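Secondary and tertiary structure notes
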Amino acid sequence: MGMHLGLIAAKAPVAKLKAAFFTVCPQFELVETKEDFIHADEVWAWKEANEEFVSAADWSLDTPGKSVYMFWQDGQWALLLDPEYTLASDEDVLLDLSSELGTVVSFIVESASGCAFFWYLENGSLRRKICNNDGEIEIDGEPLAEELGIDPNNYYMDETESLWKAFGIAPYEKFQSPIGCIAVSVIDRTDYNDD
């Protein structure tokens, strides 16, 4: 079974993560928020109905497209599902979120390309990073206590799931439940024509 996931977790209440999300990403214009989902299928149907992909070639300020991000509370952790992996892989965003919220971890696993990434940040500083980009490993920072029994040189899906457990994060259980889900649809107002 493959894994396709971009996840940011902050040791904070979900309302604080959602507020920090909009503070750190001022380019996002809120279109709609949905809470009180009845079942998990409704969450995913709402996501699909409220996002609109626009290719880079077709992008303009008049047709920017829409993205959907979803938030859950998981014990002491607030979770942010990033289906496009853009925020979960942006160290500047992660550093800014950590400056706002304290402890932030981020995970990306894309088994179709054989990649897995992990970042651990505290109070605006990167403490640990493990990147497996199709077998090319990059490791920064000192090992964390939560990594006990994990070989960072072979970091992939099993190691990601072991880290989730060590941190007390259960994303798959949350993603399969509508309870507490907050979904936001946003337009990215960044002018990509300037690049």
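The structure presented is a predicted model; accordingly, all values stated were derived computationally and were not measured.

What counts, and at which threshold
- In this convention, every chain numbers its residues from 1, walking through the sequence in written order.
- pLDDT decides what is reported in this predicted model: residues at 70 or higher carry local features, side-chain atom pairs at 80 or more are listed and counted, and totals for whole chains, interfaces and linings draw on all residues regardless.
- Values reported for side chains reflect all heavy atoms of the structure, with hydrogen atoms and water molecules removed beforehand.
- The rule is simple: take the accessible area with a 1.4 Å probe, protein chains only, and divide by the maximum for that residue type; under 20% is buried, over 50% is exposed, in between is partly exposed.
- Only DSSP runs of H or I reaching four residues or more are called helices, and only runs of E reaching two or more are called strands; each is numbered from the N terminus.
- Note on pairing: two strands pair once DSSP finds at least 2 bridges between them.
- Note on definitions: salt bridges are taken to be side-chain nitrogens of Lys or Arg within 4 Å of carboxyl oxygens of Asp or Glu.
- This arc describes the spread of directions from the helix axis toward the C-beta atoms.
- Here, residues are in contact when the closest pair of their heavy atoms is within 4.5 Å.
- Method remark: on a 1 Å grid restricted to protein atoms, a set of points is classed as a cavity if a 1.4 Å probe fits but cannot get out and as a pocket if it is open with protein on both sides within 12 Å along at least five of seven lines; lining residues have an atom within 4 Å of a point.
- Grid points are joined across faces, edges and corners, and a volume is the space filled by probe spheres set on the points.
- For this scheme, ten residues count as nonpolar: Ala, Val, Leu, Ile, Met, Phe, Trp, Tyr, Cys and Pro. Four count as charged, namely Asp, Glu, Lys and Arg, and the remainder, Gly too, count as polar.

With five of five residues buried, strand 4 (residues 77-81) is to be regarded as a mostly interior element. Neither face of strand 4 is left uncovered, since the one carrying Trp 77, Leu 79 and Leu 81 and the one carrying Ala 78 and Leu 80 both have all their residues buried. Of the pairings in the sheet, the one linking strand 1 (residues 4-10) to strand 4 comprises four bridges and is antiparallel in character. In the sheet register, Ala 10 faces strand 4, and the bridge partner there is Ala 78. Judged from the five bridges that link them, strand 3 (residues 67-74) and strand 4 form a sheet pairing that is antiparallel. Looking at the pairing, Asp 74 lines up with Trp 77 of strand 4. Linkage of strand 3 to strand 4, two consecutive antiparallel strands, is achieved through a turn of two residues, within which Gly 75 is found at a positive phi near 60 degrees.

In this section: unusual backbone geometry. Peptide bonds are, in most cases, trans, and in most cases residues other than glycine have a negative phi. Residue Tyr 85 is not a glycine yet carries a positive backbone phi of 65 degrees. Position of Tyr 85 among the secondary structure elements: in the loop between strand 4 and helix 3 (91-101). Since its relative accessible area comes to 18%, Tyr 85 is described here as buried. At Asn 123, a position not held by glycine, the phi torsion is positive, near 50 degrees.

In this section: the pattern of salt bridges. Pairing is possible between side chains that carry opposite charge, provided their charged atoms lie close to one another. Under the counting rule described, the total for this entry stands at eight salt bridges. Lys 34 serves as the salt-bridge partner of Glu 42, at 3.7 Å between the closest nitrogen and oxygen. Overall, Lys 34 belongs to the partly exposed group, its relative accessible area being 24%. Of the charged contacts in the structure, one is a salt bridge between Lys 129 and Glu 91, with a shortest N-O distance of 2.8 Å. Pair noted here: Lys 129 is in strand 7 (residues 125-133) and Glu 91 is in helix 3, with a separation of 38 residues, a long-range link. For Lys 129, a relative accessible area of 10% gives the class buried. When its relative accessible area of 26% is taken as the criterion, Glu 91 is described as partly exposed. Connected via shared salt-bridge partners are Glu 91, Lys 129, Glu 138 and Asp 140.

Let us look at helix 2 (residues 40-49). Those residues of helix 2 not exposed but buried are Ala 40, Val 43, Trp 46 and Lys 47. Projected down its long axis, helix 2 carries its buried residues within an arc of 125 degrees, all on one side. Away from its buried face by more than 90 degrees, helix 2 exposes Asp 41, Glu 48 and Ala 49. Summarising the contacts, the buried residues of helix 2 are in contact with strand 2 (28-34), strand 3 and strand 9 (182-188).

Another point: the layout of surface pockets. Taken as a whole, the second largest pocket spans an internal volume of roughly 230 Å³. Lining the second largest pocket are 13 residues, and of these His 4, Leu 5, Leu 81, Tyr 172 and Phe 175 lie nearest its centre. Breaking the lining of the second largest pocket down by element, the ones donating at least two residues are strand 1 and helix 5 (171-175). With three residues, strand 1 is the largest single contributor of residues to the lining of the second largest pocket. Considering only residue class, the lining of the second largest pocket consists of nine nonpolar, three polar and one charged.

The quantities given are spatial measurements derived from coordinates; they are silent on function.
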